[in-house]
Protein chains: 6
Amino acid sequence: MAELDSQPNDNRTAAAASEFPRPDGRLPGDLRPVRFQNHIAPHATGSTLVEWGNTRVICGVTIDEVIPRWMKEQGVPGGWVTAEYSMLPYSTHQRKPREVSRGRQEGRSQEIQRLIGRAMRAAIDLRKLGPRTAWVDCDVLQADGGTRTAAITGSYVALALAVQKLRKEGLLKESPLLAQVAAVSVGVVAGRVVLDLDYPEDSSADVDMNVVMAGESNFVEVQGTGEKGTFDEACLNAMLASAKAGCRSLMEAQRAALGEA
Amino acid sequence: MAELDSQPNDNRTAAAASEFPRPDGRLPGDLRPVRFQNHIAPHATGSTLVEWGNTRVICGVTIDEVIPRWMKEQGVPGGWVTAEYSMLPYSTHQRKPREVSRGRQEGRSQEIQRLIGRAMRAAIDLRKLGPRTAWVDCDVLQADGGTRTAAITGSYVALALAVQKLRKEGLLKESPLLAQVAAVSVGVVAGRVVLDLDYPEDSSADVDMNVVMAGESNFVEVQGTGEKGTFDEACLNAMLASAKAGCRSLMEAQRAALGEA
Amino acid sequence: MAELDSQPNDNRTAAAASEFPRPDGRLPGDLRPVRFQNHIAPHATGSTLVEWGNTRVICGVTIDEVIPRWMKEQGVPGGWVTAEYSMLPYSTHQRKPREVSRGRQEGRSQEIQRLIGRAMRAAIDLRKLGPRTAWVDCDVLQADGGTRTAAITGSYVALALAVQKLRKEGLLKESPLLAQVAAVSVGVVAGRVVLDLDYPEDSSADVDMNVVMAGESNFVEVQGTGEKGTFDEACLNAMLASAKAGCRSLMEAQRAALGEA
Amino acid sequence: MAELDSQPNDNRTAAAASEFPRPDGRLPGDLRPVRFQNHIAPHATGSTLVEWGNTRVICGVTIDEVIPRWMKEQGVPGGWVTAEYSMLPYSTHQRKPREVSRGRQEGRSQEIQRLIGRAMRAAIDLRKLGPRTAWVDCDVLQADGGTRTAAITGSYVALALAVQKLRKEGLLKESPLLAQVAAVSVGVVAGRVVLDLDYPEDSSADVDMNVVMAGESNFVEVQGTGEKGTFDEACLNAMLASAKAGCRSLMEAQRAALGEA
Amino acid sequence: MAELDSQPNDNRTAAAASEFPRPDGRLPGDLRPVRFQNHIAPHATGSTLVEWGNTRVICGVTIDEVIPRWMKEQGVPGGWVTAEYSMLPYSTHQRKPREVSRGRQEGRSQEIQRLIGRAMRAAIDLRKLGPRTAWVDCDVLQADGGTRTAAITGSYVALALAVQKLRKEGLLKESPLLAQVAAVSVGVVAGRVVLDLDYPEDSSADVDMNVVMAGESNFVEVQGTGEKGTFDEACLNAMLASAKAGCRSLMEAQRAALGEA
Amino acid sequence: MAELDSQPNDNRTAAAASEFPRPDGRLPGDLRPVRFQNHIAPHATGSTLVEWGNTRVICGVTIDEVIPRWMKEQGVPGGWVTAEYSMLPYSTHQRKPREVSRGRQEGRSQEIQRLIGRAMRAAIDLRKLGPRTAWVDCDVLQADGGTRTAAITGSYVALALAVQKLRKEGLLKESPLLAQVAAVSVGVVAGRVVLDLDYPEDSSADVDMNVVMAGESNFVEVQGTGEKGTFDEACLNAMLASAKAGCRSLMEAQRAALGEA
């Protein structure tokens, strides 16, 4: 089991923190501690339980030796990566009814799983994956803000573990992984840019942004929303800078969990 | 038709075991090892991860301070206990599609969750529970046979933990728990009665029975099915004797997990 | 049309009856009268209307000259038997909304039709049936307790009629029937074991058990539930003895309906 | 049980019949025999099994002492009549899958049940019915053409039986029935107008019309469709004349079944 | 019951009109103005926006170079025409929730689209269409009575435009069109037969009839319903005469829209 | 009817254009022409048909004098704005099956309508709107890239028209509008940042970004996705600059359509 605490982010000062303390005492640019408990679901090809502050997500990657019908019909070469996201009923303070109870997925879940799928496809060369489908399943065990960024950051670890396994079994000669992918949220809370919002911060944020990076300087997704207000270019740039630093720390934690540190 | 020499589980001998070894080396009357990892889902009122051999089930009990509409309308006093059961997609060797994908629950899931609900209602005095609903959620993380009996045995622990919490918070003056509830499977495999079937045994069993007990000598449910044959009364009695012994061992493990040993 | 009243069960005494009269005057071990009205649905391959006290169920068996896709894919030889169960809206005192209105089947219906399917598969040698599917449809016209046992007992008659027809048409050279299958309920009402519960008894039973038998001494299914209490081994044995006697009487009635008496 | 054969229709000649014999030997203006078996579903307020040639439909009317929400909200006085129509799986030569299996009703079923509902509302004064809902359920046991006209003709009998029961119980002081309602099909087959098409005729008809009448000379519904061709005014008039005569015979049969002959 | 003095539509006089003015000043036999705005949806093979008084319907015909599976399986030669009908949410005074919100189509929509499909199939020789499917989509932009007749009348124009396009592209050597198809409503309002009911008239009509014609004297569909009463043969004949005259005017407008005037 | 062509965007040079011509001859920073045809759906409170190049979207805003249940339950003051998005079946080159056919909305539609809803809520002061719901319905009549940005830009016009109407009717004393909201896409195609991608460009874009602005310098949403690659900060800044200029041109066109130019 790979376990480590992520390193605190650098761009902060004790002064700033004492002026505007965050609910859990973090500085504006601090991440919550992140740990990975690998192989949580041994029947999956790769799996990890990511614990990120009080947010916990089970990420399982299962490799299926078939490709989707549309790929076959259109003759697209290589493989595919697709994701599903769900919140377990006991993950929230008020029990969350299962989506199957009303017979369909919520829009929010669909939006998040489409995001996870795109993020994971940015991590991998689909041609090198070969004619396989990687199912990425993310089930939230405990929700305290940032479940989608935890799902992406954990899914990369599970995907890399699945790739390791396929290589050990001789099913893949070279690694199809293109870049390390991690994600973090950043937002404006009480007039200040803060990194990695927990649930109370997320609920009161004026602006909320999720940033997915592939490697140290490239963006896969930038999704900023003015929930309670709008934001100008200066604010956007400050958020991006903080998110970049956060993703770099997360990638370090991922590498440690994968034994690549 | 399985008309068999059914050895009762406590009369076993090393000789018998060496003659007919089970896939994992167990004797006919042996349980697989059982462990409980409590508080796996801290937002639930009570929760545990039950690991039973290679079967792992998350059991979460969430107390909701309302009662179902039908109870209100019919003026039924007290509270209610209801259960939901689901297999996570990475719990099986072949990925299992989420039920929400086809918009409805499978018959098997519904049958199991109705069984879990009845079992838990046998553990508790609904009047003493007060006007509350206990939602029992069971999500299978890894499936290797006996997921329904693991779900019941784990749910009792989660339910007892939830009761402990309500009592600590002063919401319950006395415990509504009536009896300790545990469940185990028993069956006829290769002409012999065996306790606690794992997946390979379950797949080849001629007869399969699930037994739910409340306390040391009373049955809540007895569900025996001749999957590939039928069974006579002698066989039924041998299975019941083995299941009884199994449930007693499980109750010991539950008490230990609850600090009541 | 084959019509006969089933013979009363033997294990009773006038004394016992006078002490605790049942709502309709039956003794503890008495069945309600059972009649079969064959060929109720002439487009089915075999059909019967079973009238069992005030419970009436239409049982239709339709033979389809194809097998399910999973059998083809897995190369399983022989045929298949599957069942569907539904309550017609006017079968209950309060009109029961059709399941299609809410777009899905209730858990209870699914559980019952799975039980009927297993029971019918125990009656027949699937290899000898040949590459065919037998659809067993049970629609409850009037419900007064015991609809699932009436459905099973009637379905066997409909299945045997369908087999007779296939044999007459030369589609089956030998009968694939293995054993006669019948089912009955038994329970504990007001502290006493009673056979074949009607609706008022079923509603107040402490323990409820459904027993399916194949032939005179073998069980296919034993499903005992402590609805309002639990039950010990002595009680279980008393229930099984009563159910066995009941099934034997039912099998006599089936044979008469099939002209095999 | 009220049983009678309907009288053959008058407007025919032996000559015409010998020229173009119909599949079952009927003359162009002949109805198939019609019988009603009342009280087939004793838990309904009124019920009948209508047997019309080889078409058999169970018609059940259940009175519910509530009105639909939209009537309450809009303050509409009186009661409501609504219908549901379904074909049982064994009613057709090829087994017909249950609509619940695909989670929704077919368009054809919805269209027919809307027609039955309108027809029944023409039979009754909704104000005099009082604040009640009459659920009209029609389940086809055997289909051989004309299931919708059999459903309407049988539903009127079931509705009248339900009204009789409410009056006996003192719930209705005067009868809310306005007019006797019956329905019949008529069409153009092989260039000739024929009454009451059976399945083979219906399949080959160029024009198909369903006529619902309230009393001897008034139409409730006229639904004519050129399935394989079109029709001119002369043809329409010939069809209407034949249908009128047919409905009159059916009303006689209804009155006999209701003991009003 | 409406037993009425039904004035035929061509015998009207200014006097009659002034006596019983219609809500919008029309005479009993007057149509509302009808206009076609072709090519409203350029990605469709043929399309038109029909504006008929205040009713506006988008009619799009898309040709798909495949045939339905049932045609392939049954070896039916030629092509197919099928229709879908929907009301846009802003088409009614009170916003109409989308059908997808409740997961299924209303019975009314299904009934109308089945009618449109039958009407369009009467316009075309399916064999000459060749192995293609013509999807007829009708979306109501504004509803003021007569949406189904506007949909049919507009769909014929869209279908003819699609045929023109296929012929220009050389995909069809000869026109498969058999007859011009148009539809109009007619009814009894305040004791008088009126043509082409708008929404207020439709809401208060005693009798409502939709007539679909193929060419000047042949009917495809006649659907008359006594919504609030019944109707006798004289009334039916008066309605048919008025509808015939209306359809002839509509066919003139269609020809003008198609440049065939 | 307000009709105008939007002004071409400034930041371009003839040189750049001649080097890399876009499919339709536009310069990298050019918008396609935009026109609004107001009052397309007169039953809506406000409506417009936005034609943006070959993309055409019907935007209808209907005001409902109620608020959602969750607002009532939580006592949230003011009103609500919610959106629904759908593509009409004839909007695409290949007919797009209606979502109701499979019983549920696609994830893409849900994601887009959530985006439209958030964008419109940024345009309006929900407290000043009063206890009302504004339903924003967007139906795509023709799709050629940028349907979501056309939907947002058109919806603002429809919303402003609805507000105008409420003010004329005296239902709103002051305008609840906070800021003008418009949206545009920008992306990287063939290595170059281009504004307002049409369908062929969108299909081949490496990076795709949708930008929603409220007023001239504030962002409501920034959603950038590396579809086929990733993007660095310099690229992000170039895209934002182009999108800003595009939104300013669109706001001019909106003001002209609203008679506020």
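### Focus on the overall build of chain A
- Within chain A one finds seven helices and nine strands.
- A compact globule built from 261 residues should have a C-alpha radius of gyration of about 18 Å, and chain A, at 18 Å, falls within 12% of that.
- Principal-axis analysis of the C-alpha atoms gives chain A an extent of 55 × 45 × 35 Å.
- Within chain A, the proportion of its 261 residues that are buried is 62%.
- Sequence separation of 24 or more characterises 68% of the internal contacts of chain A that already satisfy a separation of 6 or more.
- Positive and negative side-chain charges of chain A, numbering 30 and 33 respectively, have mean locations separated by a distance of 6 Å.

### Remarks on the relation of the copies chain B and chain A
- For the pair chain B and chain A, the superposition axis carries a translation of 0.0 Å, the fit reaches an RMSD of 0.0 Å, and the rotation angle comes to 180 degrees. When the rotation and shift are considered jointly, the pair of chain copies conforms to a two-fold rotation axis.

### Looking at the packing of helix H7 (residues 233-257) of chain A against helix H7 (residues 233-257) of chain F
- Direction vectors running N to C along H7(A) and H7(F) enclose 155 degrees, while the axes themselves pass 13 Å from each other. Classified by the angle their axes make, H7(A) and H7(F) are roughly antiparallel. When the axes of H7(A) and H7(F) are compared, the crossing they make is right-handed. Between H7(A), through Glu233(A), Leu236(A), Asn237(A), Leu240(A) and Lys244(A), and H7(F), the contact on the second element is made entirely by Glu233(F), Leu236(F), Asn237(F), Leu240(F) and Lys244(F).
- Of the residues contributing to the contact of H7(A) with H7(F), the split by class is four nonpolar, two polar and four charged.

### Considering helix H8 (residues 233-257) of chain C
- Its 25 residues place the ends of H8(C) 36 Å apart at the C-alpha level, agreeing with the 36 Å of an ideal helix rising 1.5 Å per residue.
- Positive backbone phi, approximately 70 degrees, marks Gly259(C), located one or two places after H8(C).

### Notes on the arrangement of the chains
- The smallest C-alpha distance separating chain A from chain D is 11 Å, and no contact links them.
- At the C-alpha level, the nearest point of chain B lies 11 Å from chain E, with no contact between them.

### Comments concerning the interface of chain B and chain A
- Opposite the 33 residues of chain B that make contact, chain A presents 33 residues.
- Each partner contributes to the roughly 2,900 Å² buried at the junction of chain B and chain A, and carbon and sulfur atoms together form 55% of this total.
- The interface formed by chain B and chain A includes 10 salt bridges.
- Measuring nitrogen to oxygen at the nearest pair gives 2.7 Å for the salt bridge that ties Arg95(A) to Asp137(B).
- Across the chain B-chain A interface, the total number found is 18 residue pairs in polar contact (both at pLDDT 80 or more).
- Among the secondary structure elements, those contributing two or more residues to the side of chain B that touches chain A are strand S3 (55-64), strand S4 (80-87) and strand S5 (133-142) of chain B.
- The dominant element in the side of chain B that touches chain A, judged by the number of residues it contributes, is S5(B), at six residues.
- Tallied by class, residues from the side of chain B that touches chain A come to 13 nonpolar, 12 polar and eight charged.

Definitions and limits used
- Residues numbered from 1 in each chain as written.
- Chains lettered and ligands numbered in written order.
- Predicted model: local features only at pLDDT ≥ 70, side-chain atom pairs only at ≥ 80, totals over all residues.
- Heavy atoms only, no water.
- Helix = DSSP H or I, 4+ residues; strand = E, 2+ residues; numbered from the N terminus.
- Rg over C-alpha atoms; globule rule 2.2 N^0.38 Å.
- Buried < 20%, exposed > 50% of the residue type's maximum accessible area, 1.4 Å probe, protein only.
- Contact = heavy atoms within 4.5 Å.
- Lys, Arg positive; Asp, Glu negative; His and termini not counted.
- Charge placed at Lys NZ, Arg CZ, Asp CG, Glu CD.
- Least-squares fit on C-alpha atoms with pLDDT ≥ 70 in both.
- Axes fitted to C-alpha atoms, helices over the stretch in contact; angles between N-to-C directions.
- Parallel < 35°, antiparallel > 145°, perpendicular 65-115°, else oblique.
- Left-handed = near helix turned anticlockwise from the far one by under 90°.
- Nonpolar A, V, L, I, M, F, W, Y, C, P; charged D, E, K, R; others polar.
- Expected span 1.5 Å × (residues − 1).
- Buried area = accessible area lost by both parts, 1.4 Å probe.
- Salt bridge = Lys/Arg side-chain N within 4 Å of Asp/Glu carboxyl O.
- Polar contact = N/O pair within 3.5 Å; in protein donor to acceptor, adjacent residues only side chain to side chain.

Just geometry here; none of it tells us what the structure is for.
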